[in-house]
Amino acid sequence: MSGDVLLSARDLTKRFTTRGPYGRKSEFTAVDGVGFDVRLGETLAVVGESGSGKSTTARLVAKLMEPSAGTLRFEGEDITRATGARLAHYRANVQVVFQDPFSSLNPRHTVERILLAPLDYQGTKPPGGRRVFARELMERVGLDPDHAQRYPAQFSGGQAQRIGIARALAVSPKLVICDEAVSALDVSVQAQVIELLMGLQRESGFSYIFIAHDLAVVRKIAQQVAVMNKGRIVEKGPCRQVFEHPQDAYTQALLAAIPRINPEWNRRRKGAR
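Residues numbered from 1 in each chain as written. Predicted model: local features only at pLDDT ≥ 70, side-chain atom pairs only at ≥ 80, totals over all residues. Heavy atoms only, no water.

A.B. asks: Whenever I open this one, the packing of aromatic side chains confuses me. Can you help?
C.D. replies: Here the distance between the centres and the angle between the planes together describe a pair of aromatic rings. Considering all chains together, one arrives at two aromatic pairs under this definition. Summarising the aromatic geometry, the rings of Phe74 and Tyr90 are spaced 5.2 Å apart at their centres and angled 85° between planes, so their arrangement reads as edge-to-face. Linking Phe74 in strand E4 (residues 69-74) with Tyr90 in helix H2 (residues 84-93), this pair joins segments that are 16 residues apart in sequence. The burial state of Phe74 is the same as that of Tyr90; both residues are buried. Here the aromatic rings of Phe206 and Tyr208 are separated by 5.2 Å at their centres, their planes lie at 80°, and the arrangement is edge-to-face. You'll find Phe206 and Tyr208 in the same group, each marked buried. (Phe/Tyr/Trp six-rings, centres within 6.5 Å; stacked < 30°, edge-to-face > 60°. Helix = DSSP H or I, 4+ residues; strand = E, 2+ residues; numbered from the N terminus. Buried < 20%, exposed > 50% of the residue type's maximum accessible area, 1.4 Å probe, protein only.)

Set out below in structure tokens:
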């Protein structure tokens with residue numbers, strides 16, 4: 001393993017073949033030569049507008065789809081084409097929190113069963129017993145453990161997302177991918193979930209890849225930022241550097257589109273140009 005780098009992506013590319021009129025095939029490149037590092041205990045935010053390729057990048061890293069080209073290294077080991085036990089080990093260490101908790105949680109399963117499913121997949125027995133483990137997970141994310149036998153539909157959107165976060169933490173991952181994990185929530189609930197995510201990271205020391213289009217949220221949670229446009233990373237670096245001294249025109253346009261209510265901030269931005 002090189003330094004404190006947990007995951008390295010190099011030249012990740014994903015092409016899709018589509019059929020047009022009269023059955024004609026065409027190729028679309030959703031992710032084009034993307035590369036970045038995620039360090040231990042750090043949050044890398046991947047930002048861009050809809051269609052920029054950020055969610056496809058997240059799925060490639062999570063091994064939910066295979067890249068057309070490029071490599072992924074985890075803890076120094078090439079896992080790009082991993083199968084069998086190596087793939088199962090990787091998936092235990094890399095978990096995903098999805099945008100819509102209600103579509104990612106089985107509506108027919110209780111919360112307890114949902115939280116124990118990752119352990120069943122890995123063939124792991126929780127210390128202290130299954131019921132105790134599920135209740136402890138619920139407490140950890142701010143849910144009432146007495147509600148372990150309820151179903152997802154009996155929870156609010158924010159509570160359901162907490163269930164999704166708890167499920168991701170069940171197998172003690174080293175990397176959690178948050179794919180627009182707060183974008184479907186009310187602003188006040190977003191703030192609560194962001195605080196939860198940051199607190200869990202301080203507590204356990206895992207890393208995040210945080211996929212988002214809300215730059216205000218990104219600035220609060222991330223240490224590193226990668227800006228994507230049309231499948232490519234056009235700018236990346238420390239969060240403060242990218243926000244205060246953007247180099248790419250696309251990044252500048254994204255930042256200019258953030259609503260501002262602080263006139264002093266606007267004066268500083270204009271004076272820096």
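A.B. asks: Can you walk me through the pairing of strand E10 (residues 232-238) in this structure?
C.D. replies: Looking along a regular strand, one sees side chains alternate from face to face of the sheet. Pairing of strand E9 (residues 224-229) with E10 involves six bridges; the strand directions are antiparallel. When the bridges of E10 are listed, Val225 appears paired with Gly237. Counted along the chain from E9 to the antiparallel partner E10, the turn is two residues long, and its residue Lys230 has a positive phi close to 55°. (Pairing = 2+ DSSP bridges.)

A.B. asks: Where do I start with the nonpolar core in this structure?
C.D. replies: Across soluble globular proteins, nonpolar side chains have a tendency to be buried as a group. Ile165, Leu197 and Phe210 are the most contacted members of the largest nonpolar core, which has 52 residues in total. What Ile165 contacts, discounting residues up to four positions off in sequence, is Val97, Val141, Val193, Leu196, Leu197 and Leu200. Ranked by size, the runner-up nonpolar core spans 28 residues in total, among them Val31, Tyr90, Leu175 and Ile211. (Core = buried A, V, L, I, M, F, W, Y, C linked by side-chain atoms within 4.5 Å. Contact = heavy atoms within 4.5 Å.)

A.B. asks: Would you mind going over the pairing of strand E6 (residues 94-97) with me for this structure?
C.D. replies: Burial along E6 is two-sided: the face carrying Val94 and Val96 and the face carrying Gln95 and Val97 are both buried. Of the strand pairs in this sheet, E6 and strand E7 (residues 175-179) are connected by four bridges, and their pairing is parallel. Residue Val94 lies in a different strand from E7, and its bridge partner there is Leu175.

A.B. asks: What is the right way to look at the packing of helix H6 (residues 157-169) against helix H7 (residues 187-204) in this model?
C.D. replies: The description of two helices packed together rests on the angle between their axes and the distance between the axes. Running from N to C, H6 and H7 point in directions that differ by 15°, and their axes come no closer than 10 Å. Taken together, the axes of H6 and H7 are roughly parallel relative to one another. Like other packed secondary-structure pairs, H6 and H7 cross with a definite hand, here right-handed. Two secondary-structure elements touch here, H6 through Gly158, Arg162, Ile165 and Leu169 and H7 through Val189, Gln192, Val193, Leu196, Leu197 and Leu200. Taken together, the residues of the contact of H6 with H7 sort by class into seven nonpolar, two polar and one charged. (Axes fitted to C-alpha atoms, helices over the stretch in contact; angles between N-to-C directions. Parallel < 35°, antiparallel > 145°, perpendicular 65-115°, else oblique. Left-handed = near helix turned anticlockwise from the far one by under 90°. Nonpolar A, V, L, I, M, F, W, Y, C, P; charged D, E, K, R; others polar.)

A.B. asks: I tried to follow the sheet that holds E4 on my own but got confused; where do I start?
C.D. replies: Strands in a sheet are paired, the pairing made by backbone hydrogen bonds, and the direction either parallel or antiparallel. The strand order across the open sheet built from four strands is E2-E1-E4-E5, with neighbouring strands paired in antiparallel fashion. Of all the strands in the sheet, just strand E2 (25-39) and strand E5 (77-78) have a single pairing partner and so form its edges. Two strands pair when backbone bridges link them, and strand E1 (residues 5-19) and E2 are joined in this way by 11 bridges, in the antiparallel orientation. Each bridged residue has a counterpart across the sheet, and for Val5 the counterpart in E2 is Arg39. Packing against the sheet, helix H1 (residues 54-61) makes contact with E1, E2 and E4, and its axis sits at approximately 70° to E2.

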